[in-house]
Amino acid sequence: QVQLVESGGGLVQPGGSLRLSCAANGRDFSIYAMAWYRQAPGKQRERVATVSTRGRTTTYKDVVKDRFTISRDNAKNTVYLQMNSLKPEDTAVYYCNSIPIITTPGGMDYWGEGTLVTVSS
């Protein structure tokens, strides 16, 4: 059974840092590019960073570029998101997923529970 478990979120002051982790189980995720997404209150989910299968190529949404770093450890089936210089507008629930997004046998998109990041003084 496929499972994505995000962790590492919390409350942080503006300018602070957090490192998110995503444990991916149930399939060989090393053959998939992976991504971090976030959903702020009242807004649609957006993709903020991607990493290629071997971690050699990364992409970022402009608003997080130079502040966030995505990486992966295929031996541990884990994807990371290092977030520095956090801003209040980074407040959101953060999710990881593969590219393409995992679907259930019923055809629905599968998402883990996510991890909440709150940036506030």
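Everything that follows concerns the structure shown earlier in this document.
Criteria and thresholds
Residues numbered from 1 in each chain as written. Predicted model: local features only at pLDDT ≥ 70, side-chain atom pairs only at ≥ 80, totals over all residues. Heavy atoms only, no water. Helix = DSSP H or I, 4+ residues; strand = E, 2+ residues; numbered from the N terminus. Rg over C-alpha atoms; globule rule 2.2 N^0.38 Å. Buried < 20%, exposed > 50% of the residue type's maximum accessible area, 1.4 Å probe, protein only. Contact = heavy atoms within 4.5 Å. Areas by Shrake-Rupley, 256 points an atom, 1.4 Å probe, with all protein chains shown as cover. Lys, Arg positive; Asp, Glu negative; His and termini not counted. Charge placed at Lys NZ, Arg CZ, Asp CG, Glu CD. Pairing = 2+ DSSP bridges. Axes fitted to C-alpha atoms, helices over the stretch in contact; angles between N-to-C directions. 1 Å grid on protein atoms, 1.4 Å probe; cavity = no way out; pocket = protein on both sides within 12 Å on 5 of 7 lines; lining within 4 Å. Points joined across faces, edges and corners; volume = space filled by probe spheres on them. Phe/Tyr/Trp six-rings, centres within 6.5 Å; stacked < 30°, edge-to-face > 60°. Nonpolar A, V, L, I, M, F, W, Y, C, P; charged D, E, K, R; others polar.

### A few points about the overall build of the protein chain
- Along the protein chain, the regular secondary structure elements total 0 helices and 10 strands.
- The order of α-helices and β-strands along the protein chain, N terminus first, is β-β-β-β-β-β-β-β-β-β.
- Relative to the 2.2 N^0.38 estimate, which gives 14 Å for 121 residues, the radius of gyration of the protein chain is 14 Å and therefore close to what a compact globule would have.
- Seen along its three principal axes, the alpha-carbon backbone of the protein chain occupies a region of about 40 × 30 × 20 Å.
- Counting over 121 residues, the protein chain shows a buried share of 38%.
- Restricting the contact set of the protein chain to residue pairs at least 6 apart, pairs at least 24 apart contribute 54%.
- Entry remark: accessible area of the protein chain is about 6700 Å², with carbon and sulfur atoms responsible for 46%.
- Taken as two groups, the 14 positive and 10 negative side-chain charges of the protein chain have centres that lie 4 Å from each other.

### Brief notes about the sheet that holds strand 4 (residues 33-39)
- In space, the 6 strands of this open sheet follow the order 2-10-9-4-5-6, with mixed pairing throughout. Of all the strands in the sheet, the pair left with one neighbour each is strand 2 (10-12) and strand 6 (58-60). This sheet shows a mean twist of 25° between the axes of neighbouring strands, independent of strand direction.
- Inspection of the sheet shows strand 4 paired to strand 9 (residues 92-99) by 7 bridges, in the antiparallel sense. Considered in strand 9, the bridge of W36 is made with C96.

### Concerning the layout of surface pockets
- Its volume calculated, the largest pocket comes out at about 230 Å³.
- Considering the residues around the largest pocket, the lining is formed by 13 residues, among which R38, K43, E46, E89 and D90 are closest to the centre.

### Quick notes on the packing of aromatic side chains
- Enumeration according to the criterion identifies 3 aromatic pairs in this entry.
- With a centroid separation of 6.4 Å and an interplanar angle of 55°, the aromatic rings of F29 and Y32 are classed as tilted.
- Residue F29 is classed as buried on the basis of its relative accessible area of 2%.
- Seen in terms of ring centroids, Y95 and W111 are 5.8 Å apart; in terms of plane orientation they differ by 70°. Their pairing is edge-to-face. Remark: W111 occurs in the loop between strand 9 and strand 10 (115-119) and Y95 occurs in strand 9; sequence separation between them is 16 residues. For the residue pair Y95 and W111, the accessibility class agrees, reading buried in each case.
- An aromatic cluster is defined as three or more aromatic residues linked by ring pairs; in this entry it consists of Y37, Y95 and W111.

### Structural notes on empty space enclosed by the protein
- Summed over the entire model, instances satisfying the criterion amount to 1 cavity of 30 Å³ or more.
- Here the largest cavity is characterised by a volume of approximately 40 Å³.
- As for the largest cavity, its lining consists of A24, F29, S30, R72, D73, N74, N77, T78 and V79.
- Classifying every residue of the lining of the largest cavity by side-chain character gives 3 nonpolar, 4 polar and 2 charged.

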